[in-house]
Amino acid sequence: MNSSHYRHLLQLGLPIVIGQTGVIILGFADTLMVGHHSSTELAAAGFVNNMFNLAIIFSTGFAYGLTPVIGKLFGQNKHKEAGKMLKNSLAANTILAAIVCLVMLMLYLNIHRLGQPEELLPHMRPYFLVLLISLPFVLWFNGFKQFTDGITDTKVSMWILLTGNLLNILGNYILIYGKLGMPEFGLLGAGISTMVSRVFMVIAYLIIFFYTDRYSIYRQGFRNGTINKPDLKQLNKLGWPIALQMGMETASFSLSVIMVGWLGSTELATFQIMIVISQVCFMIYYGMGAAVSVRISNFYGQNDIKNVRLTANIGFHIILIMAVCTAIPIFLLRNHIGGWFTDDDAVAAMIPQVIIPFLIYQFGDGLQINFANALRGIADVQPMMLFAFIAYFIISLPAGYLFGFILDGGLTGIWMAFPFGLSSAGIMYYLRFRYKTASNI
């Protein structure tokens, strides 16, 4: 019985993991290409990317509110209702895109007030604007992705992500270095390439959804359904708590980059490389976590609490195995990683110092990802906001300032705060899931 659960979860989750791996490869390619073009541009990219990561993860969290709704409808064979819900989700994501873009524009207008090195600002500003233009396409893509994942059609997003990321890498090569007769744009070229790939991925989803037989029954619900207050209310009720929970988690990293900027350009460039390394594990775990959420929502729609709990436990077993498989090579290669990304010896020498705290928090990261997704699967998302606030704003960020500046730990000290935040969040999510599912048996 358990073996079939492992098999089904892997069949559902591996396409998501592969798609997320494409995002990882893109992050590597961006950082490698920009880093070898200029360490100054690498530092500028580190700051801007972390600011946009906060906006993107927050928006992705909002889109995750669709997954348990679609998963439950799919489990009950209500396909037309699922199509109608997608229409309302895209409307909600469009409204959110306007709000997030306005906030990011305000940040852009005040970027010179954040205490970052002056030499980075000419590189930050144009790169920031191009990423801002592409931001709405991220939210529309999220709406379609959570829909197809919710109906267990996870291979669609996998292929779109992989194709879009290959397009992005090719664009990086041409525009960063000025190949094939194009001007040498440097960091700005990476931004333009990212924007083009994001537009492409949304267009690909539109073509697949509206012009293939696979989605004909869902199209009926989409076309005949209306944008209505009850559906929007349900999506907002689920989406905002997840967005705030994920946003606070990302903020523990994105706001830490401001503190890192106080240390200097070398530390900022090192932080950017470590963020890319960190995303290797995060994206892989999150791919399996998304499968946990979908499968739990299917069982929850059938009121099968026994398999809800079993799926969560099996998902954590798989994520732990993934954590070991990723941590070992990263530890063994710790003295070589920096040289892959930059020719700056000072930046490369800092990487091994922050690898150890990075490895320490892998268990906590896997724990919080798995049980946060398990709670999303049963649509119990409200308490996660409080748990995230405690873990990341009461524990992680103050600990980063304490270790980094008061105790004079520098970049390594700031990074040492993350194990405390992620592990405390994971424990609280686990206890909440255990309580909620025990009370339903």
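Everything that follows concerns the structure shown earlier in this document.
These numbers were taken from a predicted model, which means no experiment stands behind them.

### Quick notes on the overall build of the chain
Consideration 1: Counting secondary structure elements, the chain contains 17 helices and zero strands.
Consideration 2: Radius of gyration (C-alpha) of the chain: 21 Å, near the 22 Å computed for a compact globule of 441 residues.
Consideration 3: Looking at the chain as a whole, 60% of its 441 residues are labelled buried.
Consideration 4: For the chain, restricting intrachain contacts to residue pairs at least 6 apart in sequence, the fraction spanning at least 24 positions comes to 83%.
Consideration 5: Approximately 17100 Å² of the chain is accessible, and the part contributed by carbon and sulfur atoms is 67%.
Consideration 6: Charged side chains in the chain number 26 positive and 19 negative. The centres of these two groups are separated by 19 Å.

### Points about the environment of T342
Consideration 1: Mapped onto the secondary structure, T342 falls in the loop between α13 (337–341) and α14 (345–360).
Consideration 2: Separated by 310 residues in sequence, T342 and L32 place their C-alpha atoms 7.0 Å apart.

### A short note on the nonpolar core
Consideration 1: Counting 140 residues, the largest nonpolar core has F147 and Y429 as the members making the most contacts within it.
Consideration 2: In terms of residue count, the dominant contributor to this core is helix α11 (residues 265–301) (21 residues).

### Topic: the packing of helix α3 (residues 66–75) against helix α5 (residues 121–150)
Consideration 1: Following both chains from N to C, one finds α3 and α5 inclined at 35°, their axes separated by 8 Å at the closest point. By crossing handedness, the relation of α3 to α5 is classed as right-handed. Contacts between α3 and α5 involve L66, T67, I70, G71 and F74 from the first element and G143, Q146, F147 and G150 from the second.
Consideration 2: Its residues assigned to classes, the contact of α3 with α5 shows four nonpolar, five polar and no charged.

### Structural notes on the packing of aromatic side chains
Consideration 1: Following the criterion strictly, the structure yields 34 aromatic pairs and no others.
Consideration 2: A centroid spacing of 5.5 Å and a plane angle of 55° characterise the contact between F141 and Y205, whose relative ring orientation is tilted. Placement of the pair is F141 in helix α5 and Y205 in helix α7 (residues 187–211), with a sequence separation of 64 residues.
Consideration 3: According to the relative accessible area criterion, F141 is buried, its value standing at 8%.
Consideration 4: When its relative accessible area of 1% is taken as the criterion, Y205 is described as buried.
Consideration 5: Chaining the aromatic ring pairs together yields one cluster made of F141, F144, F147, Y205, F209, F210, Y215, Y218 and F222.
Consideration 6: The positively charged end of R334 is found above the aromatic ring belonging to F331, 4.1 Å away from the centroid.

### A closer look at the side chain of E267
Consideration 1: Here E267 lies in helix α11.
Consideration 2: With no salt bridge to any partner, buried E267 finds its closest opposite charge in R334, at an N-O distance of 19 Å.
Consideration 3: Ignoring any residue separated from it by four or fewer positions in sequence, one finds E267 in contact with V260, M350 and L411.

### Things to note about unusual backbone geometry
Consideration 1: Unusually for a residue other than glycine, N303 sits at a positive phi of about 60°.
Consideration 2: Inspection of the secondary structure assignment puts N303 in the loop between α11 and α12 (305–332).
Consideration 3: Even without a glycine there, the phi angle at D408 is positive, about 60°.
Consideration 4: Tracing the backbone shows D408 in the loop between α16 (382–406) and α17 (410–438).

What counts and what doesn't
- Residues numbered from 1 in each chain as written.
- Predicted model: local features only at pLDDT ≥ 70, side-chain atom pairs only at ≥ 80, totals over all residues.
- Heavy atoms only, no water.
- Helix = DSSP H or I, 4+ residues; strand = E, 2+ residues; numbered from the N terminus.
- Rg over C-alpha atoms; globule rule 2.2 N^0.38 Å.
- Buried < 20%, exposed > 50% of the residue type's maximum accessible area, 1.4 Å probe, protein only.
- Contact = heavy atoms within 4.5 Å.
- Areas by Shrake-Rupley, 256 points an atom, 1.4 Å probe, with all protein chains shown as cover.
- Lys, Arg positive; Asp, Glu negative; His and termini not counted.
- Charge placed at Lys NZ, Arg CZ, Asp CG, Glu CD.
- Core = buried A, V, L, I, M, F, W, Y, C linked by side-chain atoms within 4.5 Å.
- Axes fitted to C-alpha atoms, helices over the stretch in contact; angles between N-to-C directions.
- Left-handed = near helix turned anticlockwise from the far one by under 90°.
- Nonpolar A, V, L, I, M, F, W, Y, C, P; charged D, E, K, R; others polar.
- Phe/Tyr/Trp six-rings, centres within 6.5 Å; stacked < 30°, edge-to-face > 60°.
- Lys NZ or Arg CZ within 6 Å of the ring centre and 35° of its normal.
- Salt bridge = Lys/Arg side-chain N within 4 Å of Asp/Glu carboxyl O.

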